[in-house]
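Letter by letter, the chains look like this.
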Amino acid sequence: MSTESTTDAAEDVESFRLRARAWLAENMPRIEGKSNADIAREDENGVYARKLQKILFDGGFAGLCFPVEYGGQGLSLAHQRAFTEESGPYQMPTVLNIPSLSILGATLLDFGTEAQKKRHLPKLISGEEIWVQFLSEPSGGSDLAGLVTKATRDGDIFHLNGSKIWSSGAFRADYALVLARTNPEVPKHSGITVFILKIHQPGVEIQQIKMATGANEFCQEFFDDVPIPIEDVLGKIDDGWTVASRLLFHERDAMGGGSPYLSGQGQRGHGTSNRSDLIELAESNGTLGDPAIRQLIAEAKINETVGEQLTARTATAIKQGLVPGTAGSIPRLYSAMTSERRQEINLEILGTAAPVWEPGAPSRQKSLDYLMRQGGSLGGGSNEMQRNIISERVLLMPREYAADKDKPFNEVLHNQTPTRPR
Ligand SMILES: Cc1cc2nc3c(=O)[nH]c(=O)nc-3n(C[C@H](O)[C@H](O)[C@H](O)COP(=O)(O)OP(=O)(O)OC[C@H]3O[C@@H](n4cnc5c(N)ncnc54)[C@H](O)[C@@H]3O)c2cc1C
């Protein structure tokens, strides 16, 4: 599996850093007052993110760790980290990091045929295509292998029927990796196939879901006999669990902050935690001198620093083969827990400014973020599932009992394929 590829005569990191610094100053718009997350929120359809990504691509600073033959730069993780550090003062299309580049681009790189990689990777890296993941279903997301959306083969065409849910940003995307059951007569892990699905086509209906924050980021999709050509199978037919397991590895890596395909500051994970915005918050309500508030600011900083060290240490240990790839669940779990704590700290510092705010007040977004505080503990697999992975696959404790493990899927009791509400 290639997660990173380096050109033969890669430029050394320090000269790359200086070149990136000069290029960024010349070409990228500066962040003025707004974070990359704020900019992404205002750019609901991703038009501006695609534009920024194209500037990076044309300048030779997109897809730094993707191989040159697929539109990347073939550089190392150290180059990527240097670029991310340098890009701090600039607007960056961080919304394309997860899942488009770091999860789906990475999985395509691992399992795509030459034709699939040549067709899609340069467009993913230039921002011409945005990809999302269609994994979770209304009947449940944690038991991913228990999915009931099906793809029935007819010659060289599969017909997709069923429904997916909680797909982040599907309305603004072009393609999805969709998991579907292609053989119900074998145990659940053995009869799944992964497909590259063109999202906007007849038979695919997308409904945006309004969230408590007012955002419409989540979607539910309904598939009504959607044709998928056999050349859009990713990996082998009925062996989609192998592809899905790798996708989940990339997801843990990305959500934990360790992926080589994350570019720019403000991607999800503990890296978003920023001391100065807490200081500004405390200043705005006159509590910066309060020792209890100062403790909270220090706690956030400590969590952030420990997270960075944990991510780097785990990534190195995986690379050196000291721990299995599933150890990515450790920084992933830590990131989810500290991100939730960070939202609580925001609220504690805001005090009475949290539930009520004036238009444009800094408390507004922080209060809305609090409503989403548990998102990081579910997206990419819940905290409980990460703990299961750590105990069973990293610490090699006994596996959880599963009654359906060796049973043909069509003999297991489960919910029916959901249909579109009429
Ligand atoms: C911010 C965010 C973004 C998301 N983006 C996407 C996306 O782009 N695409 C997509 O397909 N999905 C996405 N999801 C969905 C996400 O993957 C699921 O929410 C998650 O996998 C859990 O599935 P579920 O919500 O169906 O909960 P369930 O699977 O129904 O679980 C309910 C509860 O039971 C616990 N539980 C279940 N099984 C076990 C077990 N064996 N041991 C211990 N506890 C267990 C879970 O931890 C959870 O607390 C996103 C979710 C969030 C919050």
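Calculation criteria
- Residues numbered from 1 in each chain as written.
- Predicted model: local features only at pLDDT ≥ 70, side-chain atom pairs only at ≥ 80, totals over all residues.
- Heavy atoms only, no water.
- Helix = DSSP H or I, 4+ residues; strand = E, 2+ residues; numbered from the N terminus.
- Expected span 1.5 Å × (residues − 1).
- Buried < 20%, exposed > 50% of the residue type's maximum accessible area, 1.4 Å probe, protein only.
- Arc of directions from axis to C-beta.
- Domains from an automatic or database assignment.
- Axes fitted to C-alpha atoms, helices over the stretch in contact; angles between N-to-C directions.
- Parallel < 35°, antiparallel > 145°, perpendicular 65-115°, else oblique.
- Left-handed = near helix turned anticlockwise from the far one by under 90°.
- Contact = heavy atoms within 4.5 Å.
- Nonpolar A, V, L, I, M, F, W, Y, C, P; charged D, E, K, R; others polar.
- Pairing = 2+ DSSP bridges.
- Salt bridge = Lys/Arg side-chain N within 4 Å of Asp/Glu carboxyl O.
- Near = heavy atom within 4 Å.
- Polar contact = N/O pair within 3.5 Å; in protein donor to acceptor, adjacent residues only side chain to side chain.
- Areas by Shrake-Rupley, 256 points an atom, 1.4 Å probe, with all protein chains shown as cover.

### Thoughts on helix H3 (residues 47-58)
Each full turn of the α-helix corresponds to 3.6 residues, which orients residues three or four apart in the same direction. Taking 1.5 Å per residue as the helical rise, H3 with its twelve residues ought to reach 16 Å, and the 17 Å between its terminal C-alpha atoms agrees with that figure. Of the residues making up H3, those classed as buried are Ala 49, Leu 52, Gln 53 and Leu 56. Buried residues in H3, looked at end-on, bunch into an arc of 100 degrees, giving them a common side. Residues Val 47, Lys 51 and Asp 58 are exposed on H3 and point more than 90 degrees away from its buried face. Once H3 finishes, Gly 60 follows within two positions and takes phi at roughly 80 degrees, a positive value.

### Describing the domain arrangement of the chain
Parsing the chain into structural domains produces domain 1 (13-128), domain 2 (133-245) and domain 3 (269-381). Using C-alpha coordinates to define each centre, domain 2 is positioned 32 Å away from domain 3.

### Section: the packing of helix H10 (residues 329-350) against helix H12 (residues 383-394)
When two helices pack together, their arrangement is given by the angle between their axes and by how far apart the axes lie. Close contact between H10 and H12 brings their axes to 9 Å; oriented N to C, the two are set at 155 degrees. Accordingly, the angle class assigned to the pair H10 and H12 is roughly antiparallel. For the pair H10 and H12, the crossing hand works out as left-handed. Across the interface between the two elements, Ser 329, Ile 330, Arg 332, Leu 333, Ala 336 and Met 337 from H10 touch Asn 383, Gln 386, Arg 387, Ile 389 and Ile 390 from H12. Broken down by class, the residue content of the contact of H10 with H12 amounts to six nonpolar, three polar and two charged.

### Digging into the pairing of strand S2 (residues 150-154)
Two elements, S2 and strand S3 (residues 157-168), share five bridges in a ladder whose sense is antiparallel. Counted as the bridge partner of Lys 150 is Asn 161 from S3. Connecting the antiparallel pair S2 and S3 is a turn made up of two residues, with Gly 155 showing a positive phi of about 65 degrees.

### Observations regarding the pattern of salt bridges
Going through the model one piece at a time under the given rule, you end up with 24 salt bridges. A salt bridge links Arg 399 to Glu 392; the nearest nitrogen and oxygen atoms lie 3.2 Å apart. Via salt bridges that share partners, Glu 14, Arg 17, Arg 21, Glu 85 and Glu 86 belong to a single interconnected network.

### Observations concerning the site of the ligand
Taken together, 19 residues sit near the ligand, with Ser 136, Gly 141, Ser 142, Ser 382 and Glu 384 positioned nearest. Taking Ser 382, its side chain carries an N or O atom lying 2.6 Å from an oxygen atom of the ligand. For the ligand, an oxygen atom lies 2.6 Å from a polar atom in the side chain of Glu 384. In isolation the ligand exposes 970 Å². Once the protein is present, 70% of that is buried. Of the residues forming the shell around the ligand, the biggest block, four residues, is contributed by S3. Considering only residue class, the shell around the ligand consists of six nonpolar, eleven polar and two charged. Both domains that furnish three or more residues to the shell around the ligand are identified here as domain 2 (133-245) and domain 3 (269-381).

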